[in-house]
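Examination of the molecular architecture
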Number of protein chains: 2
Amino acid sequence: MKVTVLGAGAWGTALARLLQTGGNHVTLWAHSPSHLDELRRTHRNERFLPGIVLPWEMRLEPDLSSAIAGAEYVVVAVPSKSFRETTRFLADFSGVVVSVTKGIEHRTGLTMCGILAETAPQAGRAALSGPSFALEVARDIPTAIVAASADLAMARAVQKLFHRPSFRVYTGQDLLGVELGGALKNVIAIAAGICDGLGFGDNTKAALVTRALSEMRHLGVAAGAQAETFFGLSGLGDLMVTCFSRLSRNRGFGERIGRGDTIPDIMAGLTAVAEGYPTARSASELARRLNVETPITDEIHATLYLGKHPALALRDLTARDSKPEN
Amino acid sequence: MKVTVLGAGAWGTALARLLQTGGNHVTLWAHSPSHLDELRRTHRNERFLPGIVLPWEMRLEPDLSSAIAGAEYVVVAVPSKSFRETTRFLADFSGVVVSVTKGIEHRTGLTMCGILAETAPQAGRAALSGPSFALEVARDIPTAIVAASADLAMARAVQKLFHRPSFRVYTGQDLLGVELGGALKNVIAIAAGICDGLGFGDNTKAALVTRALSEMRHLGVAAGAQAETFFGLSGLGDLMVTCFSRLSRNRGFGERIGRGDTIPDIMAGLTAVAEGYPTARSASELARRLNVETPITDEIHATLYLGKHPALALRDLTARDSKPEN
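If you're wondering where the values come from, they're calculated on a predicted model, not measured in any experiment.

**A closer look at the overall build of chain A**
Looking only at helices and strands, one finds 15 helices and eight strands in chain A. A compact globule built from 326 residues would reach a C-alpha radius of gyration of about 20 Å, and chain A, at 19 Å, matches this within 12%. Along the three orthogonal principal directions, the C-alpha set of chain A runs to about 55 × 40 × 35 Å. Expressed as a percentage of the 326 residues in chain A, the buried residues total 62%.

As structure tokens, this is what we get:
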């Protein structure tokens, strides 16, 4: 297949490599021409995927329109805040667009495929989501993920496109649920990181994350997703690994907040976006609009945007009167 | 309240300390009189709870009948394999017995409260379960847990007994579900540890644990538990922390299996029981009897009891034809 990957961060590059080694013709586009030049020169993406050699055959194309021309599939792996402007170039594209970006648009409350419905109305839409650290995928460590599309045949086509012996792709039709699971868990990962940074234990974090999955599910169902989806790879699976793994960017972001670092300081040191930060705001907006109680998301929002001290946020969370969980 | 705790391992000791500092009159019994002597002499349980000073007021009683006499509540914290013989002493006890032991009896397929129905027929029965490393509880790190009893009033009484500012107790009525969640997750923790020991990544482990929760739920529902319970603290919460935390004994047991250590060698070095080991056998038996497919449990059983190489077990698991998860 002719596949174009938009975005040469860790995830875009890892997937471009996977698709190329799977026998596809891959074009990789990046926002920054100098970043692409470095990839061309070194055959590596040392900043985002240290130690991984990229396939020689991959085409690196700095011009977005040229990159898209002739593609059968376009995989979008840009940060959520650039998603709308980048995918405007897909206005006339009639192949399949696969979003691998996890986020919720500020103000509109749209997931990435929701944005695609507006920016790429001729195209088929699917999302790929699940517990999948890019560096592990680039090292061919066994990974399982979900390809979701409202159209099952399209989900199956995407499954076939990505499937490899070490990259097992399941299919699903609850596109919204899969996207919301992937997006909302990043907010919870920040909460889990705050818990770590404040010096709480694994008991505390496990209790927080258990409640969080229930919160994600309630918000998702109110938005039109299916409850069951949140217990799959893109919900529970991704949530668990993001909250407990050392490798998680969003958890690490929260850990620094918990330790007392300021957001500008943390941001200055990040090589890649912590999507949980913008998502905390849009998820909190979405919950208010849908009239769903989301105490964890709200406390994270208050910590990140309203200057609430993280220790107070955690205290207010644990002090809430709580219903039996089981 | 007058409370007797049977078993002075990490969990029994941590709960005895919690109950005593909560203003109860606590008697702690241990199988080994010399172990109890050491606690009396040092006011510590250094072997199981390093660094924790125990309350002076706690009564330490080496005679089981004397320990039980006059108690309103008996908390049983002995290994599952000693549960039946220990609780035979409760034949005439008419207070409330709270099991904090996680296991399934070999051959009978009974949970600990199932055993209690036979050994302590006059007593009320409840279980306390959830993500709760003993050492963190002993350090007053915030923890949330479920007190379950078929009788809601009894669950509430147990909630009240244990509740502390840093130990939040929820109530539930699905006693069987809470017990099975706590027991089955230890088998999965061994699988997760094997995954670590073989050098797989967090992606692999997250996929495994996501499938495992669904397996636990199917087995639990077939046994008569409620599906929802497995998404609570005693299912998902405990599963997650046991599979991802460095502190987990069962995960550590599996990690050594994955690295190629033999079971006798591992056993020789353990100070405390890895309950997942006996539970793998009884869970596998139970699944066969109930005619439920439990591929993960079966592979762990084959690895631990039938000499199957852990790498082959993991390969056979990932090679299984799989249905869409979402």
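There's more to say after this.
**Focus on the relation of the copies chain A and chain B**
Aligned on chain B, chain A shows an RMSD of 0.0 Å; the corresponding rotation is 180° and the shift along the axis is 0.0 Å. What the superposition gives is, in effect, a two-fold axis relating one chain to the other. In this assembly the copies share their binding face: 100% of the residues contributing to the interface of chain A also contribute to that of chain B.

**With respect to the pattern of salt bridges**
A complete count under the given rule lists 36 salt bridges over all chains for this structure. The closest approach of N and O atoms between Lys 308 of chain B and Glu 299 of chain B, which form a salt bridge, is 2.8 Å. In this structure Lys 308 of chain B comes out as partly exposed when scored by relative accessible area, which is 23%. The buried category is assigned to Glu 299 of chain B, whose relative accessible area is 10%. By sharing partners, the salt bridges in this structure join Asp 196, Lys 205, Arg 246, Arg 251, Glu 255 and Arg 259 of chain A into a single network.

**Focus: the interface of chain A and chain B**
Taken residue by residue, the interface counts 49 residues in chain A and 49 residues in chain B. At the surface where chain A touches chain B, the tally comes to two salt bridges. Here Arg 217 of chain A ties to Glu 228 of chain B by a salt bridge, and the two come within 3.1 Å at their closest N and O atoms. Taken together, chain A and chain B are joined by 14 residue pairs in polar contact (both at pLDDT 80 or more). Among the elements of the structure, α6 (134-138), β7 (143-148), β8 (167-172), α9 (202-223), α10 (233-244) and α15 (310-319) of chain A are those that each provide at least two residues to the side of chain A that touches chain B.

**Topic: the sheet that holds β8 of chain A**
Residues and elements named next belong to chain A. Strand order in the open sheet formed by eight strands is β3-β2-β1-β4-β5-β6-β7-β8, and the pairing between neighbours is mixed. If you trace the sheet from one side to the other, it starts and ends with β3 (59-60) and β8, each paired once. As paired elements, strand β1 (residues 2-6) and strand β4 (residues 73-76) share four bridges and run parallel to each other. The residue bridging Val 3 from the neighbouring strand is Tyr 73, located in β4. Where helix α8 (residues 175-197) meets the sheet, it contacts β5 (96-99), β6 (124-129) and β7, and its direction lies at approximately 40° from that of β6.

**Observations concerning the nonpolar core**
For soluble globular proteins, nonpolar side chains are generally found buried alongside one another. Membership of the largest hydrophobic core comes to 90 residues, with the highest contact counts inside it found for Leu 304 of chain A together with Leu 304 of chain B. Ignoring any residue separated from it by four or fewer positions in sequence, one finds Leu 304 of chain B in contact with Ile 190, Phe 253, Ile 257, Ile 263, Tyr 277 and Ala 280 of chain B.

**Section: the layout of surface pockets**
Residue and element names in this part refer to chain A. Size it by volume and the second largest pocket reaches roughly 1,300 Å³. For the lining of the second largest pocket, the secondary-structure elements that each account for two or more residues are α1 (10-21), α4 (80-87), α6, α8, α10 and α11 (249-259). When residues in the lining of the second largest pocket are grouped by element, the largest group, four residues, is from α4. Grouping the constituent residues of the lining of the second largest pocket by class yields 20 nonpolar, 15 polar and eight charged.

**Concerning the sheet that holds strand β6 (residues 124-129) of chain B**
Adjacent strands of a sheet pair through backbone hydrogen bonds, lying either parallel or antiparallel. Residues and elements named next belong to chain B. Pairing is mixed across the open sheet formed by eight strands, whose spatial order is β3-β2-β1-β4-β5-β6-β7-β8. A single partner strand is all that each edge strand has here, and the edge strands are β3 (59-60) and β8 (167-172). Along the sheet face, helix α7 (residues 152-162) touches β1 (2-6), β4 (73-76), β5 (96-99), β6, β7 (143-148) and β8 and points at about 175° away from the line of β8.

**Things to note about the environment of Arg 139 of chain B**
Here Arg 139 of chain B is to be found in the loop between α6 (134-138) and β7. Measuring from C-alpha to C-alpha, the distance between Arg 139 of chain B and Leu 18 of chain B comes to 9.8 Å, with 121 residues separating the pair along the chain.

**What to know about the packing of α8 of chain A against helix α13 (residues 276-290) of chain A**
All names here are of chain A. In the contact formed by α8 and α13, the axes pass within 8 Å of each other and the chain directions differ by 110°. With respect to their mutual orientation, α8 and α13 come out roughly perpendicular. Taking contact as the criterion, the partners of Ala 183, Leu 184, Asn 186, Val 187 and Ile 190 in α8 are, on α13, Gly 276, Tyr 277, Thr 279, Ala 280 and Ala 283. Residues belonging to the contact of α8 with α13 are distributed by class as follows: seven nonpolar, three polar and no charged.

**A word on the packing of aromatic side chains**
In this structure the tally under the stated criterion is six aromatic pairs over all chains. Relative to Tyr 305 of chain A, the ring of Tyr 277 of chain A has its centre 4.9 Å away and its plane inclined at 15°; by these criteria the two rings are stacked. Highlighted residues: Tyr 277 of chain A in helix α13 and Tyr 305 of chain A in helix α14 (residues 295-305), separated in sequence by 28 residues. With a centroid separation of 5.8 Å and 45° between ring planes, the pair formed by Phe 253 of chain B and Tyr 277 of chain B is classed as tilted. Here the residue Phe 253 of chain B occupies a position in helix α11 (residues 249-258), and Tyr 277 of chain B occupies one in helix α13 (residues 276-290), the gap between them amounting to 24 residues. Accessibility assignment for this pair places Phe 253 of chain B and Tyr 277 of chain B in one class, buried. Through pairs of rings, three or more aromatic residues link up here, namely Phe 253, Tyr 277 and Tyr 305 of chain A. The ring of Phe 244 of chain A has Lys 205 of chain A lying over it, and the distance from NZ or CZ to the ring centre is 4.5 Å.

**Focus on the confidence of the model for chain A**
Residues of chain A with pLDDT of at least 70 account for 98%, and the chain-wide mean is 95. Scored by ipTM, the complex comes to 0.94, with pTM at 0.94.

**Notes on the state of the cysteines**
Residue and element names in this part refer to chain A. Scanning all chains against the criterion turns up zero disulfides over all chains. Between Cys 195, a free cysteine, and Cys 243, which holds the nearest cysteine sulfur, the sulfur-to-sulfur gap is 9.6 Å. With relative accessibility at 0%, the residue Cys 195 sits in the buried group.

Thresholds, definitions, all that
Residues numbered from 1 in each chain as written. Chains lettered and ligands numbered in written order. Predicted model: local features only at pLDDT ≥ 70, side-chain atom pairs only at ≥ 80, totals over all residues. Heavy atoms only, no water. Helix = DSSP H or I, 4+ residues; strand = E, 2+ residues; numbered from the N terminus. Rg over C-alpha atoms; globule rule 2.2 N^0.38 Å. Buried < 20%, exposed > 50% of the residue type's maximum accessible area, 1.4 Å probe, protein only. Least-squares fit on C-alpha atoms with pLDDT ≥ 70 in both. Contact = heavy atoms within 4.5 Å. Salt bridge = Lys/Arg side-chain N within 4 Å of Asp/Glu carboxyl O. Polar contact = N/O pair within 3.5 Å; in protein donor to acceptor, adjacent residues only side chain to side chain. Pairing = 2+ DSSP bridges. Axes fitted to C-alpha atoms, helices over the stretch in contact; angles between N-to-C directions. Core = buried A, V, L, I, M, F, W, Y, C linked by side-chain atoms within 4.5 Å. 1 Å grid on protein atoms, 1.4 Å probe; cavity = no way out; pocket = protein on both sides within 12 Å on 5 of 7 lines; lining within 4 Å. Points joined across faces, edges and corners; volume = space filled by probe spheres on them. Nonpolar A, V, L, I, M, F, W, Y, C, P; charged D, E, K, R; others polar. Parallel < 35°, antiparallel > 145°, perpendicular 65-115°, else oblique. Phe/Tyr/Trp six-rings, centres within 6.5 Å; stacked < 30°, edge-to-face > 60°. Lys NZ or Arg CZ within 6 Å of the ring centre and 35° of its normal. pLDDT = per-residue confidence, 0-100. Disulfide = S-S within 2.5 Å.

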